Amino acid sequence: MGKQRAALDFTSDSETVDIEELAGKSRKGKNVVDPETLQRVAEQSGFPSRENVRKTLRRRKKSPYTMQLGLKVRPAMRELFQEMGAHLDVYDHTTFERAVLALIEKEGTTEQKKTYEDIVT
């Protein structure tokens, strides 16, 4: 076996240790700074208050795209699909919706076209 470590003797009650004294963080004599002065100095130094930030933030409109659709595709089909979206400068969900609309129009199914229009409007 290796060397044995020396034991810590915490059983002695003869001496009490003040943790604050060891850390040097005694609350006695602590400087108290006026909050208004602190605010003024902070703003002069370029640190504005963050209290009103929540009130001025804009909320994003909740996205209508909440469902996921996972598809298995052929190896190069994903890249082709994403290249098409990049060419159109739209996200994948918009590319997918346009592809579905094109298929509906090609097949000429009016019932499905009405359903499509109800979904996207």
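Residues numbered from 1 in each chain as written. Predicted model: local features only at pLDDT ≥ 70, side-chain atom pairs only at ≥ 80, totals over all residues. Heavy atoms only, no water.

A. Main features of the overall build of the chain. Along its length, the chain carries six helices and zero strands. Ordered by position from the N terminus, the helices and strands of the chain form the series α-α-α-α-α-α. Counting all 121 residues of the chain, 4% fall into the buried class. Total accessible area on the chain is roughly 13200 Å²; 53% of this is exposed by carbon and sulfur atoms. (Helix = DSSP H or I, 4+ residues; strand = E, 2+ residues; numbered from the N terminus. Buried < 20%, exposed > 50% of the residue type's maximum accessible area, 1.4 Å probe, protein only. Areas by Shrake-Rupley, 256 points an atom, 1.4 Å probe, with all protein chains shown as cover.)

B. Examining the packing of helix H4 (residues 77-88) against helix H5 (residues 92-107) more closely. Packing of H4 against H5 leaves a shortest axis separation of 9 Å and a crossing angle of 100°. Classified by the angle their axes make, H4 and H5 are roughly perpendicular. Across the interface between the two elements, Phe81, Gln82, Gly85 and Leu88 of H4 pack against Asp92, Thr95, Phe96 and Arg98 of H5. Along the lines of polarity and charge, the residues of the contact of H4 with H5 split into three nonpolar, three polar and two charged. (Axes fitted to C-alpha atoms, helices over the stretch in contact; angles between N-to-C directions. Parallel < 35°, antiparallel > 145°, perpendicular 65-115°, else oblique. Contact = heavy atoms within 4.5 Å. Nonpolar A, V, L, I, M, F, W, Y, C, P; charged D, E, K, R; others polar.)

C. Structural context of the pattern of salt bridges. According to the stated counting rule, one finds two salt bridges in the structure shown. One salt bridge in this structure joins glutamate 105 and lysine 113, with 3.3 Å as the shortest N-O distance. The partner of lysine 114 in a salt bridge is aspartate 118, with the nearest N and O atoms 3.3 Å apart. Here the residue lysine 114 and the residue aspartate 118 both occupy positions in helix H6 (residues 110-120), the gap between them amounting to four residues, near one helical turn. (Salt bridge = Lys/Arg side-chain N within 4 Å of Asp/Glu carboxyl O.)

D. Here's a closer look at the packing of H5 against H6. Close contact between H5 and H6 brings their axes to 9 Å; oriented N to C, the two are set at 155°. On the basis of their axis angle, the class for H5 and H6 is roughly antiparallel. When the axes of H5 and H6 are compared, the crossing they make is left-handed. Across the interface between the two elements, Glu97, Arg98, Val100, Leu101, Ile104 and Glu105 of H5 pack against Gln112, Lys113, Tyr116 and Val120 of H6. Partitioned by chemical class, the residues of the contact of H5 with H6 number five nonpolar, one polar and four charged. (Left-handed = near helix turned anticlockwise from the far one by under 90°.)

E. A look at the side chain of threonine 95. In this fold, threonine 95 is placed in helix H5. Sequence-distant contacts of threonine 95, defined by excluding residues within four places in its chain, comprise Phe81, Gly85 and Val90.

F. Expanded view of a nonpolar patch on the surface. Judged by side-chain polarity, Leu69, Leu71, Val73, Met77, Leu80 and Phe96 come together as a nonpolar surface patch covering roughly 580 Å² of accessible area. Mapping valine 73 onto the fold places it in the loop between helix H3 (53-56) and H4. (Patch = residues over 30% accessible without salt bridge, like charges linked within 9 Å, V, L, I, M, F, W, Y side chains within 5 Å.)

G. Seen up close, unusual backbone geometry. At aspartate 89, a residue that is not glycine, the phi angle is positive and equals roughly 60°. Tracing the backbone shows aspartate 89 in the loop between H4 and H5.

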